[in-house]
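Close look at the chain arrangement
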Amino acid sequence: MKRWLKSSLAFLFLSLLLLGGVTVHAITQAQDYGRLINYVGIVRGATQRLVKLELVGQPNDELIIYLDSILDELNGTAGEFGLPCPNDANYQEDLHDLTQMWDNLKGHIAAYRENTEDSAPLVMLSEAYFMQANNTVFCAEAYTVHQNHMLLLFCLVMLAVMLLTWAFIFWAASRKILRLEDTNQKLNDLTQRDPLTGVYQIKAFKEQAQRLINSHPEYKFAVLHTDFSDFKYINDVFGYDYGDSILSHYGALLRDGLSKHELAGRVSADNFVLLLRYEDRKELVLRQRSTDEKITEFMSRSHDRQSLTTCCGICCIEDVIESLEIGGYLDRANFARKTVKTGSRQNYVFYDDSIRHRLWEQKSIERRMYDALDRREFTVYYQPKVKLETGRAASAEALVRWRSDDGAIIPPDRFIPVFEQKLMIDRLDRYVMDDVCRWLRSRLDAKLPVLPVSVNVSRLQFYDVGFVDRYVEIRDKYHIPPELLELEFTESIAFENTEVLLSTIQALKAAGFACAIDDFGKGYSSLSLLKQLPVDVLKIDSLFFTDSGDCKRDNVIVAGIIDMVHKFGIRTVAEGIEHPDQVNYLKQIGCDYVQGYVFYRPLPQADFEKLLDSGN
Ligand code: C2E
Ligand code: CA
Ligand code: CA
């Protein structure tokens, strides 16, 4: 307990004792003074009676002795009546006069008894004595009242001091309790925060956000989900410490940007969520963009002008028709975020009708995907790759399509992410592999021309130990010569876990499969890693050949990539080529193959067969 609290309590205790003592004293004093007034009154009355008895010839010496003893005690001599002796000048003066008059009166009584004097002086003195005794009573009374008032005043002051002390203790203790509560709340708050970024952990964020939404129906709230594109690149290239410093700085920026009744949280690595209030939805983008610009600035200041982009999905709660909990709004904001296209300038996407439709579509895919595999609703298209040296199709890529029960063809970017999310992609990939092998076998059996076919393999399959064996099993089931098959996997798997990647590619190569790295340049690209990987083909992503970028710079990069990988013995395929000019340039810089609409779109199997049969 603090010292001040101890002292206050001790003071309060002593005051209480004092007040108790004073009260007892006041009561006994009141009794004593009551008795004093009473006895002065007795002196007054008894003297009158004594004179009367003298005048009727009945002298009473006992009464004289009794009055003597009272007056002695009133004058301060100890006696049997327990009378106080007030230290008051007026009273003492009156008492002194009264005592003198009594001595005088006793002299006249004696003279009257001896008949040396008649009754007249005695009666006169008795009258005067009565008046003096009366004055003395009043004086004693006045003194008593004064004393009682003083005591009362003292008690009141004591009471006031005690009340003030109580009030002080109460105020100080409640302040202390409030402070403790505050500290407790702060500690509690700290445990709910992510130590690296200082924003709420997702569980706490959800709880608090739900509470705010429920308790403030008057506000317009929006949920934002932000993400850095390719944050892994930062960690891999610049190290985890630098990655952490970016996240911690970003957390601080998000926190600084919050107003009252707003929250920030971290979902995982580089994924953050926000609950913001707004009047006009444009504010949301402006605010988030300003934070994102600050972090980009921080990154470019820190490391050789390097920077990452962020993408953000925004779900305004008023835009959601269904009544949802916070988890539902977060899902929608996240869904909107995922629609941000790589390399797009539009990094802030609102959840709206079209996204609602896509979400609905995703749910519908989820519902139908299991049956669709059993009902063999998937079909394979083939997109030829043209060898630039000869200008003829030299191989093809197998691209899956979903022919839904209403006859519509659903493109793979609509359903592949759902298959990946639901961990069904391995079944779909094997389905395609099986379909391709069966088709090749039918062509080979019929002695019809064929071309090598590449099959896409989802990155998720790389973490499955039995993956290589299963692909060998399918190939062997149809006795397909290994040189007719190639496997494509995206660059992102390529660099997530180098060891797994290396051992898998080695196993695939040992099993006789040609291997291609797909979408090179879409994520972050490490040419030096290619040196270690025994891959056969590098597919350069269409991003380098779109009109939106800096064409000259892209051309230089592509020329550099091709030159470099040729030195490692890797062949190159340029993807997404739509213009003949690009073909000429690619030819000039030594690119081996082109896959793009400029030559062929993905063809249904029958059309591809026609192409092969026509002698290409
Ligand atoms: P990808 O492996 O990069 O396939 C190339 C995509 O580029 C194909 O889209 C193709 O139609 C498209 N494309 C080719 N040339 C051009 C062009 O000149 N211009 C434009 N704009 N596009 C061109 P598609 O068939 O829609 O496939 C999209 C993605 O779906 C594929 O990208 C691949 O990642 C994935 N995918 C397709 N089939 C499978 C599969 O069987 N398994 C797995 N795991 N993924 C698949
Ligand atoms: Ca591919
Ligand atoms: Ca590709």
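The structure this text deals with has already been given above.
Rules and cut-offs
Residues numbered from 1 in each chain as written. Chains lettered and ligands numbered in written order. Predicted model: local features only at pLDDT ≥ 70, side-chain atom pairs only at ≥ 80, totals over all residues. Heavy atoms only, no water. Axes fitted to C-alpha atoms, helices over the stretch in contact; angles between N-to-C directions. Helix = DSSP H or I, 4+ residues; strand = E, 2+ residues; numbered from the N terminus. Left-handed = near helix turned anticlockwise from the far one by under 90°. Contact = heavy atoms within 4.5 Å. Nonpolar A, V, L, I, M, F, W, Y, C, P; charged D, E, K, R; others polar. Salt bridge = Lys/Arg side-chain N within 4 Å of Asp/Glu carboxyl O. Buried < 20%, exposed > 50% of the residue type's maximum accessible area, 1.4 Å probe, protein only. Near = heavy atom within 4 Å. Polar contact = N/O pair within 3.5 Å; in protein donor to acceptor, adjacent residues only side chain to side chain. Areas by Shrake-Rupley, 256 points an atom, 1.4 Å probe, with all protein chains shown as cover. Donors = N, O, S within 2.8 Å, 3.2 Å for Na, K, Ca; no water. Patch = residues over 30% accessible without salt bridge, like charges linked within 9 Å, V, L, I, M, F, W, Y side chains within 5 Å. Parallel < 35°, antiparallel > 145°, perpendicular 65-115°, else oblique. Pairing = 2+ DSSP bridges.

This part covers the packing of helix 12 (residues 425-445) against helix 19 (residues 605-613). It is the contact of helix 12 with helix 19, at a shortest axis distance of 13 Å, that shows an interaxial angle of 35°. The chirality of how helix 12 crosses helix 19 is right-handed. Of the residues in helix 19, those touching helix 12 at Asp435, Trp439 and Arg443 are Gln605, Phe608, Glu609, Leu612 and Asp613. Residues of the contact of helix 12 with helix 19, tallied by class, amount to three nonpolar, one polar and four charged.

With that out of the way, let us pick up the pattern of salt bridges. If you walk through the whole model with that rule in mind, you get 38 salt bridges. As a salt-bridge pair, Lys186 and Asp182 come within 3.3 Å of each other at their nearest N and O atoms. Of this pair, Lys186 and Asp182 both sit in helix 4 (residues 119-191), four residues apart, roughly one helical turn. For Asp182, a relative accessible area of 37% translates into the label partly exposed. Residue Asp227 pairs with Arg337 through a salt bridge whose shortest N-O separation is 2.8 Å.

Ligand 1 sits among 21 residues. The nearest are Arg401, Asp429, Asp518, Glu578 and Tyr597. Note that a nitrogen atom of ligand 1 is positioned 2.7 Å from one of the side-chain N or O atoms of Asp429. Contact between ligand 1 and Glu575: an oxygen atom at 3.2 Å from a side-chain N or O atom of the residue. When the free accessible area of ligand 1 is taken as 790 Å², the share hidden by the protein chains comes to 79%. When the residues that make up the shell around ligand 1 are grouped by side-chain class, the tally is nine nonpolar, five polar and seven charged.

This part is about the coordination of the calcium ion (ligand 2). Where a metal carries four tetrahedral donors, each ideal angle is 109.5 degrees; where it carries six octahedral donors, the ideal angles are 90 or 180 degrees. Of the protein atoms, only Glu397 (OE), Asn456 (OD1), Glu488 (OE) and Asp518 (OD) coordinate the calcium ion (ligand 2), at distances of 2.1 to 2.3 Å. Within one chain, the residues donating to the calcium ion (ligand 2) are spaced in sequence as E-x58-N-x31-E-x29-D. For Glu397, a relative accessible area of 3% corresponds to the buried category. Of the residues examined, Glu488 reaches a relative accessible area of 1% and is grouped as buried.

A cluster of nonpolar side chains, namely Phe13, Leu14 and Leu17, defines an oily patch on the protein surface of about 340 Å² accessible area. In this fold, Phe13 is placed in helix 1 (residues 3-55).

Okay, the packing of helix 9 (residues 326-338) against helix 10 (residues 353-374) next. Contact geometry of helix 9 with helix 10 gives a least axis separation of 10 Å together with a crossing angle of 100°. Taken as axis vectors, helix 9 and helix 10 run roughly perpendicular relative to one another. Note on element contacts: helix 10 touches helix 9 through Ile355, Arg358, Leu359 and Gln362, opposite Arg332, Phe335 and Ala336. Here the contact of helix 9 with helix 10 is built from residues that sort into four nonpolar, one polar and two charged.

Overall, mixed pairing links the six strands, which are arranged 1-3-4-2-5-6 in an open sheet. Two strands lie at the open edges of the sheet, namely strand 1 (200-201) and strand 6 (348-350), each paired on one side alone. Where strand 5 (residues 310-316) lies against strand 6, three bridges are found, and the strand directions are parallel. The residue of strand 6 that forms the bridge with Cys312 is Tyr348.

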